[in-house]
Amino acid sequence: MNSRKYLVLAGVSVFAPVGDSLLSYGMKQVGNISLKNIPDLLLAITNPWVALGIILLLGFFASYMTALSWADLTYVLPASSLGYVLLALIARFALHEHISLMRWLGIAMVSSGVGFVTSGPEVTRRPRRPDNDTVATEHS
Amino acid sequence: MIKHAISNLNGWLAILAIVLSSSAGDVLLSRGMKQIGDLGKVRRKRGFGFVMSQILRSRYFLLGVACMAISFYSLLFGLSWDDVSLVGPAAASLSFVVNAFAAKMFLHERVDGRRWAAALFVAAGVVLMAF
């Protein structure tokens, strides 16, 4: 792991929760959408907060794709879990949502759980297939 | 009371839709990106245009994006009914557990004890977050 890879993982961690929070803020302005008015979901992207949230989520997507190109899926997802803590802080202090003690405990457990994974290798090493395997397949 | 129950039910239905579609999307995207290789290295060797063309021509990528689009609109639906601090972490954490199974089955990743232990911690965390 080099600094460029850590930066990519930081991008995955930060862009997702901030983008989600902006979406939440925007969707609260849009109001509840019932199953009868599903097309309203498409119009929701005209809300500036939803639009800004989408831009940040595009940043998340670019970082995420880059990370997936050199690390396991089961490494990338937990490695970006610090975002949950950030999400809780945003929900509490920017959106003024109530976070109960149980939810805080849950967020802490999620974060510590994923800590296990990040202490291991980031990618599954696969043994190289010997050249004669390919030849054998070609001649069979 | 009933309105609150409907709101909760819609929130959890959205979470289920997010988990299933995003897990399918994650597996497809991961397979597509692994086929292309380290995007940073490929970009330095062949240029940004080459990387973009490889990504956009990948069937796994296109299918993955379609799944992610379903997941995204499920998220918007869920956020309009419930708190961001519940829908966001619950969907993402459950996705992590489902992803661990999917990654082992479909991507043949080495999901060792450390990774399973993490899945249990995450699952417990999700239950606590629902209170």
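Residues numbered from 1 in each chain as written. Chains lettered and ligands numbered in written order. Predicted model: local features only at pLDDT ≥ 70, side-chain atom pairs only at ≥ 80, totals over all residues.

On to the overall build of chain A, then. Within chain A one finds seven helices and zero strands. Listed N to C, the secondary structure of chain A is α-α-α-α-α-α-α in terms of helices and strands. Residue pairs at least 24 apart in sequence account for 78% of intrachain contacts in chain A once pairs closer than 6 positions are excluded. (Helix = DSSP H or I, 4+ residues; strand = E, 2+ residues; numbered from the N terminus. Contact = placed C-beta atoms within 7 Å.)

Secondary-structure assignment places Asn 2 of chain A in the segment before α1 (3–30). With 81 residues separating them in the primary sequence, Asn 2 of chain A and Gly 83 of chain A have C-alpha atoms 20 Å apart.

Okay, the confidence of the model for chain A next. Residue and element names in this part refer to chain A. On average, residues of chain A carry a pLDDT of 78, and 86% of them reach 70 or more. When pLDDT is averaged over each element of chain A, helix α3 (residues 48–70) comes out on top at 91 and helix α7 (residues 131–139) at the bottom at 42. When the criterion is pLDDT under 50, residues 131–140 qualifies, and its contacts beyond four places in sequence or with other chains add up to one contact. (pLDDT = per-residue confidence, 0-100.)

A few words now on the interface of chain A and chain B. Across the boundary between the two partners, chain A contributes 44 residues, which contact 44 residues of chain B. Looking at the side of chain A that touches chain B, the elements that each hand over two or more residues are α1, α3, α4 (73–79), α5 (82–93) and α6 (101–118) of chain A. Among the elements that take part in the side of chain A that touches chain B, α6 of chain A stands out by supplying twelve residues, more than any other. Of the residues that constitute the side of chain A that touches chain B, the class distribution is 26 nonpolar, 13 polar and five charged. (Nonpolar A, V, L, I, M, F, W, Y, C, P; charged D, E, K, R; others polar.)

Our next topic: the environment of Ala 71 of chain A. Residue and element names in this part refer to chain A. By the secondary structure assignment, Ala 71 is in the loop between α3 and α4. Assessed through the 24 C-beta atoms surrounding it within 10 Å, Ala 71 is described here as buried. Between the C-alpha atoms of Ala 71 and Glu 122, which are 51 residues apart in sequence, the distance is 5.2 Å. Look past the residues within four positions of Ala 71 in its chain and what remains in contact with it is Val 76, Glu 122 and Val 123. (Buried ≥ 20, exposed ≤ 12 C-beta atoms within 10 Å, placed from the backbone.)

Now for unusual backbone geometry. In this structure, His 108 of chain B is a non-glycine residue whose phi angle is positive, near 55 degrees. Turning to its location among the elements, His 108 of chain B is positioned in the loop between α5 (84–106) and α6 (113–129).

Residue and element names in this part refer to chain B. Following the sequence through the fold, Gly 64 ends up in helix α4 (residues 59–79). C-alpha separation for the pair Gly 64 and Leu 29, spaced 35 residues apart in sequence, amounts to 5.2 Å. With near-sequence residues (within four places) excluded, Gly 64 lies in contact with Gly 25, Leu 28, Leu 29 and Gly 32.

Residues and elements named next belong to chain A. Axis separation between α1 and α3 bottoms out at 7 Å; the angle between their running directions is 155 degrees. Between α1 and α3, the interaxial angle falls into the category roughly antiparallel. α1 and α3 meet at a crossing whose hand is left-handed. Considered class by class, the residues forming the contact of α1 with α3 number 19 nonpolar, eight polar and one charged. (Axes fitted to C-alpha atoms, helices over the stretch in contact; angles between N-to-C directions. Parallel < 35°, antiparallel > 145°, perpendicular 65-115°, else oblique. Left-handed = near helix turned anticlockwise from the far one by under 90°.)

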